[in-house]
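Observations on chain architecture
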Amino acid sequence: MDYFAQQLINGLVLGSIYGLIAIGYTMVYGIVGMINFAHGDIFMIGGFIALITFLILVSFGLTAIPLILLIVLLVSMAITALYGWTVERIAYRPLRHSFRLAPMLSAIGMSFVLTNYSQVAQGARVKPVPPIITGGYTLHEGAEGFVVQLSNIQIIVVITTIVLLALFTWLVSRTRLGRDMRACEQDQTMAALLGVDVDRTISMTFVIGAALAAVAGMMYLLYYGLVDFFMGFVAGIKAFTAAVLGGIGSLPGAMLGGLLIGLIETLWSAYFSVEYKDVAAFSILIVVLVFLPTGLLGRPEVEKV
Amino acid sequence: MQTSRAPGAAFIFKKALISALVALVLFSLMIGVRTEAGSDGQLTYWTRFGDLAAMVGTVFGGSIVVELLRQWWGPVETVRVIPASVQSTLSFAGRMVAPVLLIFTFLVPVLFYNERYILDLAILVLTYVMLGWGLNVVVGLAGLLDLGYVAFYAVGAYSYALLATNFGLSFWVCLPLAGILAAFWGVLLGFPVLRLRGDYLAIVTLAFGEIIRLVIINWQDLTGGPNGVTGIPRPTMFGIPLTNDDNGLAALLGIEYSPTHRIVFLFYLILALALLTNWVTIRLRRLPIGRAWEALREDEVACRALGINTTTTKLTAFATGAMFGGFAGAFFATRQGFISPESFTFHESALVLAIVVLGGMGSQLGVALAALAMIGGFELFRGLDQYRMLVFGMAMVLLMIWRPRGLIGHRAPTVFLKHNQAISSDLVKEGHG
């Protein structure tokens, strides 16, 4: 039971990270109607920028951890958001009215560019980071000496996710930008006629999605203590699975899907085999799409002729 | 045509300055600072401000050039007046491309007999031509976007490798078996995706491709895991081995043995397989099943309303495409003599899909030309291994912006009234699933 509780905690933390990436997928899919293949790589870039910022700050002798965390968070969000903006400008905007396969292929191309750009710029080797945040709480001490622990970094990941989710929900439901985004999601042409700047709204969607992915990248770095140029691909597919599982286009759905994927993956690794955890996650994607094509919280799509 | 005032130098300068600023922020940490794990596991970093300045400078200069080009060439109307005689000559030349290319391909081993490198490259290109034609059945004809095509290639390759190394079956027995097994997997993938459309279909096929690859890596007892399968037998010419001994082809024919014989044989083998794919595709398109594929691509709802069984239509498309992928895989295994999961990554699927889309989906000639351009272009960058994928990705983005409909933007129709007229690919809706 203790083992299960510990895995539950680990799974929820991993799920929070997936959920943060999944929100970026869901938003872009909701508005532009296309899978942003490069989003996983944006997450990877976010991890790298967080790593480099950490290194520089530490080498300048900064030791106050909350301050470091805050600066790293802001820097990686800002720069990664600019990456998101640039990707949209280069690979998606010129193709917005093209036929459907074109933006998808240019997105795949962009994903290759980002992956290999990081490899060329930062080398192919895994970059390990010594644990920055240590310590934690013991929740329960089992009879056989197994302890259920909640580490500080896990708390930070979960709290950051909750705060960002609240902030983001407020943004979408209460602000002008959020209203524009919802209008574009309904009907881009109509929104443009009614005075919504569609180009700007789509750009902002990519920017916000990339900023959230940057936070996920930073959390991944803190939690697992490593980044490498290839981590965006698998994380991207899993986050997309999460978005689909929750019902693509739905924000709470993306978060729920992320948590579920994180839980399933962790529990599968704990009770079955670690080697096949990705196979399990991808199989779930297929099974979900077969039985629940609109996901858990998604709206059914009306088919028009 | 708009004739508004051309933006002046100040505008261009401002735009370039903004691009340079964006580039400065983007590259500041990724290029300007290089990290590396030291010997004690501790991370170190050093700065590369020279590279950063060079990159930003390139972006600044590049954006001025791009803006100037856009101003000079952009407003000019691109419809050129071509005299009728020139036009007819051009269209005649256009029709001649395919036969001339085919004849040239047949002559490649004769012309380049002593140039092993060119022969190897030609075999590689033909393998991708075959893969492209195979995927074209799924994407170009049936409109089902498949991002996991390489899975069938892998199934074919591993089927042959395992059957040949474990049971000693010959290539000619394994080739149909590999095709059948791959087709079987195609049907298996087809079932779950029957109800899916568009992007969902793409992502499920991508997941499927990854599942196959991960199973190959992890099922070590059967597949050898990351080490792959070695010692895959070379193909025989209908039972006659192409080796340097008394039973070999060279000894039987009484000519001197040369390792090039095998290369030439492999060349004609893949050429035959590719042409088989092409021929079957063209034939199928004229049959009811091919028409059903194209109808499915254009409009699934209307298709169903007409009483076409979309289940069998989709499954046959997947199975046919997968079967050719399986053939190509078996060929790949016998050519290499060694296979490992590394050859079957997502990047391979994306490459084949890029070939199909670039060729202008549905155009058989276009796919062949795109394969030649892509694989040839890839070879040009062999020296710059690190930058190859970077350039490939950029080329993919730029080509999509420049020609989203592919290099050859039209193709021959399946049915026509009185005279054959090319259809612009703008009029068809590939990839809707």
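Everything that follows concerns the structure shown earlier in this document.
Residues numbered from 1 in each chain as written. Chains lettered and ligands numbered in written order. Predicted model: local features only at pLDDT ≥ 70, side-chain atom pairs only at ≥ 80, totals over all residues. Heavy atoms only, no water.

Moving on, we get to the overall build of chain B. Scanning chain B from N- to C-terminus turns up 16 helices and 6 strands. In chain B, which comprises 433 residues, the proportion classed as buried is 49%. Partitioning the intrachain contacts of chain B with sequence separation of at least 6 by distance along the chain shows that 72% fall at a separation of at least 24. In the form shown here, chain B has an accessible surface area of approximately 20,800 Å², with 67% of it arising from carbon and sulfur atoms. (Helix = DSSP H or I, 4+ residues; strand = E, 2+ residues; numbered from the N terminus. Buried < 20%, exposed > 50% of the residue type's maximum accessible area, 1.4 Å probe, protein only. Contact = heavy atoms within 4.5 Å. Areas by Shrake-Rupley, 256 points an atom, 1.4 Å probe, with all protein chains shown as cover.)

As a further point, take the overall build of chain A. Helix and strand counts for chain A come out as 11 helices and 4 strands. Its C-alpha radius of gyration of 19 Å places chain A within 12% of the 19 Å reference for a compact globule of 305 residues. Per-residue burial over chain A gives 59% buried out of 305 residues. For chain A, the accessible area works out to roughly 12,400 Å², and carbon and sulfur atoms hold 67% of it. Computing the positive centroid from 15 side-chain charges and the negative centroid from 16, chain A places the two 11 Å apart. (Rg over C-alpha atoms; globule rule 2.2 N^0.38 Å. Lys, Arg positive; Asp, Glu negative; His and termini not counted. Charge placed at Lys NZ, Arg CZ, Asp CG, Glu CD.)

Between the first and last C-alpha of helix H5 (residues 150–167) of chain B there are 25 Å, a value that for 18 residues agrees with the 26 Å anticipated at 1.5 Å per step. Where H5 of chain B ends, the next residue or the one after it, glycine 168 of chain B, has phi of about 65°, a positive value. (Expected span 1.5 Å × (residues − 1).)

Bringing the side chain of threonine 175 of chain A into the picture now. Considering the arrangement of structural elements, one finds threonine 175 of chain A in the loop between helix H5 (152–174) and helix H6 (176–186). On the basis of relative accessible area, threonine 175 of chain A is assigned to the buried category, the value being 16%.

Attention shifts here to the interface of chain B and chain A. Between chain B and chain A, the residue contacts involve 64 residues of the former and 68 residues of the latter. Between chain B and chain A, the buried area comes to about 6,000 Å², and carbon and sulfur atoms account for 77% of it. A per-residue breakdown of the area chain B buries against chain A is headed by Met30, Asp199 and Tyr200 of chain B, which together make up 13% of the total. On inspection of chain B and its partner chain A, the count reaches 1 salt bridge. The partner of glutamate 36 of chain B in a salt bridge is arginine 125 of chain A, with the nearest N and O atoms 3.8 Å apart. At the junction of chain B with chain A, the criterion picks out 8 residue pairs in polar contact (both at pLDDT 80 or more). Of all elements in the fold, only helix H1 (9–30), strand S1 (33–37), strand S2 (43–47), helix H7 (198–218), helix H14 (346–358) and helix H16 (385–402) of chain B reach the threshold of two or more residues within the side of chain B that touches chain A. The leading source of residues in the side of chain B that touches chain A is H7 of chain B, at 13 residues. Class assignment for the residues of the side of chain B that touches chain A results in 43 nonpolar, 11 polar and 10 charged. (Buried area = accessible area lost by both parts, 1.4 Å probe. Salt bridge = Lys/Arg side-chain N within 4 Å of Asp/Glu carboxyl O. Polar contact = N/O pair within 3.5 Å; in protein donor to acceptor, adjacent residues only side chain to side chain. Nonpolar A, V, L, I, M, F, W, Y, C, P; charged D, E, K, R; others polar.)

Another aspect to go through is empty space enclosed by the protein. The final tally for this structure, using the stated rule, is 5 cavities of 30 Å³ or more. Where the lining of the largest cavity is concerned, the elements lending two or more residues are helix H2 (39–59), helix H4 (101–122) and helix H9 (231–246) of chain A together with H7 of chain B. The biggest single contributor to the lining of the largest cavity is H9 of chain A, with 5 residues. (1 Å grid on protein atoms, 1.4 Å probe; cavity = no way out; pocket = protein on both sides within 12 Å on 5 of 7 lines; lining within 4 Å. Points joined across faces, edges and corners; volume = space filled by probe spheres on them.)

Grouped together as the largest cluster of nonpolar side chains are 225 residues, with contacts concentrated most on Phe37 and Tyr83 of chain A together with Ile339 of chain B. By residue number, the principal contributor to this core is helix H4 (residues 116–141) of chain B, which donates 15 residues. Filtering out sequence-adjacent residues up to four positions away, tyrosine 83 of chain A remains in contact with Ile42, Ile45, Ile49, Leu114 and Tyr117 of chain A together with Leu26, Phe27 and Met30 of chain B. (Core = buried A, V, L, I, M, F, W, Y, C linked by side-chain atoms within 4.5 Å.)

Attention now goes to the side chain of arginine 96 of chain A. Residue and element names in this part refer to chain A. When you line up the elements, arginine 96 lands in the loop between helix H3 (65–92) and H4. The exposure class of arginine 96 is buried, given its relative accessible area of 17%. A distance of 2.7 Å separates the side chain of arginine 96 from the side chain of glutamate 88, its partner in a polar contact.

Turning to the pattern of salt bridges, a few remarks are in order. All names here are of chain A. Tallied over the entire structure, the rule returns 18 salt bridges over all chains. The closest approach of N and O atoms between glutamate 88 and arginine 96, which form a salt bridge, is 2.7 Å. Exposure remark for glutamate 88: the relative accessible area of 0% places this residue in the buried category. For lysine 238, the salt bridge goes to glutamate 265, with nearest N and O atoms at 3.3 Å. Taken as a pair, lysine 238 in helix H9 and glutamate 265 in helix H10 (residues 251–271) lie far apart in primary sequence, 27 residues in all. The network of salt bridges with shared partners includes Glu88, Arg93, Arg96 and Asp199.

Bringing H4 of chain B into the picture now. Residues and elements named next belong to chain B. The end-to-end C-alpha separation of H4 is 36 Å, in line with the 38 Å expected for 26 residues at 1.5 Å each. Roughly 40° is the biggest bend found in H4, and it falls at leucine 135. Judged by how many residues are buried, H4 sits mostly within the fold: 20 of 26 residues are covered. Just past H4, the residue glycine 143 takes up positive phi, approximately 70°. (Bend = angle between axes of the 7 residues up to and from the residue.)

Here the focus is the packing of H5 of chain B against helix H6 (residues 171–193) of chain B. All names here are of chain B. At a minimum axis distance of 8 Å, the contact between H5 and H6 shows a crossing angle of 140°. In terms of their interaxial angle, H5 and H6 are classed as oblique. As H5 runs across H6, the sense of the crossing is right-handed. Together, Phe152, Val155, Gly156, Ser159, Tyr160, Leu163 and Ala164 of H5 and Phe171, Cys174, Leu177, Ala178, Leu181, Ala182, Trp185, Gly186 and Leu189 of H6 make up the contact between the two elements. A breakdown of the residues in the contact of H5 with H6 according to their chemical character gives 13 nonpolar, 3 polar and no charged. (Axes fitted to C-alpha atoms, helices over the stretch in contact; angles between N-to-C directions. Parallel < 35°, antiparallel > 145°, perpendicular 65-115°, else oblique. Left-handed = near helix turned anticlockwise from the far one by under 90°.)

This part is about the packing of aromatic side chains. Aromatic ring pairs are reported here in terms of the distance separating the ring centres and the angle at which the planes meet. Scanning the entire structure with this criterion turns up 30 aromatic pairs over all chains. Measuring from ring centre to ring centre gives 5.8 Å for phenylalanine 112 of chain A and phenylalanine 392 of chain B, while their planes differ by 35°; the resulting arrangement is tilted. Taken together, the positions of phenylalanine 112 of chain A in helix H4 and phenylalanine 392 of chain B in helix H16 put the pair across two chains. Arranged with centres 5.9 Å apart and planes meeting at 55°, the rings of tyrosine 117 of chain A and phenylalanine 27 of chain B form a pair that is tilted. On the criterion of chain membership, the pair formed by tyrosine 117 of chain A in helix H4 and phenylalanine 27 of chain B in helix H1 is interchain, its members lying in two chains. For the pair formed by tyrosine 117 of chain A and phenylalanine 27 of chain B, the shared burial category is buried. Each residue in the set Phe37, Phe112, Phe229, Phe230 and Phe233 of chain A together with Phe346, Phe378 and Phe392 of chain B is aromatic and connected to the rest through ring pairs, giving one cluster. (Phe/Tyr/Trp six-rings, centres within 6.5 Å; stacked < 30°, edge-to-face > 60°.)

For the rest of this paragraph, the subject is the packing of H4 of chain B against helix H13 (residues 310–336) of chain B. All names here are of chain B. Contact geometry of H4 with H13 gives a least axis separation of 7 Å together with a crossing angle of 165°. One way to sum up the angle between H4 and H13 is to call them roughly antiparallel. Both H4 and H13 take part in a crossing whose hand is left-handed. Contact with H4, carried on its side by Asp120, Ile123, Leu124, Thr127, Met130, Leu131, Gly134, Val137 and Val138, involves Ala317, Phe318, Thr320, Gly321, Phe324, Gly325, Phe327, Ala328, Phe331 and Arg335 of H13 and no other residues of that element. Along the lines of polarity and charge, the residues of the contact of H4 with H13 split into 12 nonpolar, 5 polar and 2 charged.

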